[in-house]
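Spelled out, the chains give:
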Amino acid sequence: MNIIEVKNLTKKFGKFTAVDAISFDVAKGEIFGFLGPNGAGKTTTINMLATLLPPTAGEAFINNFSVTRDLDEVRRSIGMVFQDPSLDDKLTAEENLRFHARLYGVPLSEYEKRMEEVLKLVDLFERRKEVVKHFSGGMKRRLEIARGLIHYPAVLFLDEPTLGLDPQTRAGLWDYILKLKREKQMTIFMTTHYMNEAEYCDRIGIIDKGKIVALDTPANLKRALGGDIVVVHGSKSVELEKELKKLKIKFIKENESFLIKTHEGETFLPKLLKKLKTSIDRVEMHEPTLDDVFLHLTGRAIRETEASEKEMMKAGARGRRFH
């Protein structure tokens, strides 16, 4: 059963097409990762799915409700954890939840039970009386997840849920996210800049310049890339780039590194080193990772921080492609 269905969804801002007739679905109980470089259209897509932005064309359904015709039903069907903090840090954890529950019309007769359940789920029940400003970054994120669950949504949207957290806290937060999937069969639609986190997703959709360029499991995406990835690092990047072009070797340049996809890395690498005249600092070779998949499909490396799509539209930023 699909809990999210997207059909030819399109969003234009004047002559600029931010989302270009994309179609995909998300199954109930699935963790779906939505990835894309700066200005690719992922935030615009999420805003349309959350009824924050009307589509120009196409349609989308959340829990069988239309995002264009059944706005209230869609909003009751989703929970949101935004990238930027949105808690009232002058209130206690419990007061934050109570305010959110009242906004969503949670019956008073059910509130206490739900509050206890969601706070225990994220190990904050014993801290419910404490003022949020005293919470750590990880505790605030966990509370935001609890708040997003208080009205029992069918889908939980997580926009960069671990951005800005230290590695240990990120790992702990993922324990709670996986617990939601395991114990509540919760459908989670998320974005992330940490590619190791994308490995937790059941499927990943990669969007670039408004179009879905890949949609599959992490394992299948890496398998489809195939071969080996050779990475050549050199401080004389200008000379090295000219030489690689002269040798007609396809590559992606990332700062002073050149990524080359080859099907026979062990035989390709010695031949390459023999041909190169420009000095290099070091060479690496590894099997494809999700970072490599992303870079291959979009021509850009995913970042831990990004500018807003609005800013990117103004700047007219465009990514690099294989030469």
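Residues numbered from 1 in each chain as written. Predicted model: local features only at pLDDT ≥ 70, side-chain atom pairs only at ≥ 80, totals over all residues. Heavy atoms only, no water.

(A) Focus on the packing of helix α8 (residues 218-225) against helix α11 (residues 290-298). It is at 9 Å that the axes of α8 and α11 come closest, and there the two elements cross at 65 degrees. At the point where α8 passes α11, the crossing takes the left-handed sense. Contact residues: Pro218, Leu221, Lys222 and Leu225 in α8; Leu290, Asp292, Val293 and His296 in α11. Split by residue class, the contact of α8 with α11 holds five nonpolar, one polar and two charged. (Axes fitted to C-alpha atoms, helices over the stretch in contact; angles between N-to-C directions. Helix = DSSP H or I, 4+ residues; strand = E, 2+ residues; numbered from the N terminus. Left-handed = near helix turned anticlockwise from the far one by under 90°. Contact = heavy atoms within 4.5 Å. Nonpolar A, V, L, I, M, F, W, Y, C, P; charged D, E, K, R; others polar.)

(B) Quick peek at unusual backbone geometry. The phi dihedral of Gln185 is positive, around 50 degrees, even though this residue is not glycine. Position of Gln185 among the secondary structure elements: in the loop between α6 (167-184) and β8 (187-191). For Gln185, a relative accessible area of 48% translates into the label partly exposed. (Buried < 20%, exposed > 50% of the residue type's maximum accessible area, 1.4 Å probe, protein only.)

(C) Structural detail: the pattern of salt bridges. In this structure the tally under the stated criterion is 17 salt bridges. Put simply, Asp20 and Lys211 hold a salt bridge, and the shortest N to O gap is 2.9 Å. One end of the pair, Asp20, is in strand β2 (residues 16-27); the other, Lys211, is in strand β10 (residues 211-216), and 191 residues separate them in sequence. Residue Asp20 is classed as partly exposed on the basis of its relative accessible area, which comes to 27%. Judged by relative accessible area, Lys211 falls into the partly exposed class, the value being 42%. Between Glu130 and Arg127 there is a salt bridge, with the nearest N and O atoms lying 2.6 Å from each other. On the basis of relative accessible area, Glu130 is assigned to the partly exposed category, the value being 29%. Several salt bridges share partner residues, and in doing so they unite Asp25, Glu30 and Arg203 into one network. (Salt bridge = Lys/Arg side-chain N within 4 Å of Asp/Glu carboxyl O.)

(D) Structural context of the sheet that holds strand β3 (residues 31-35). Here six strands make up an open sheet; going across it, the order is β6-β7-β8-β3-β9-β10 and the pairing mixed. Both outer strands of the open sheet, β6 (78-81) and β10, are each paired with one neighbouring strand and no more. When strand polarity is set aside, the average angle formed by the axes of neighbouring strands in this sheet is 20 degrees. Across the sheet, α11 lies against β3, β9 (203-208) and β10, angled at about 30 degrees from β9, the strand it touches most. (Pairing = 2+ DSSP bridges.)

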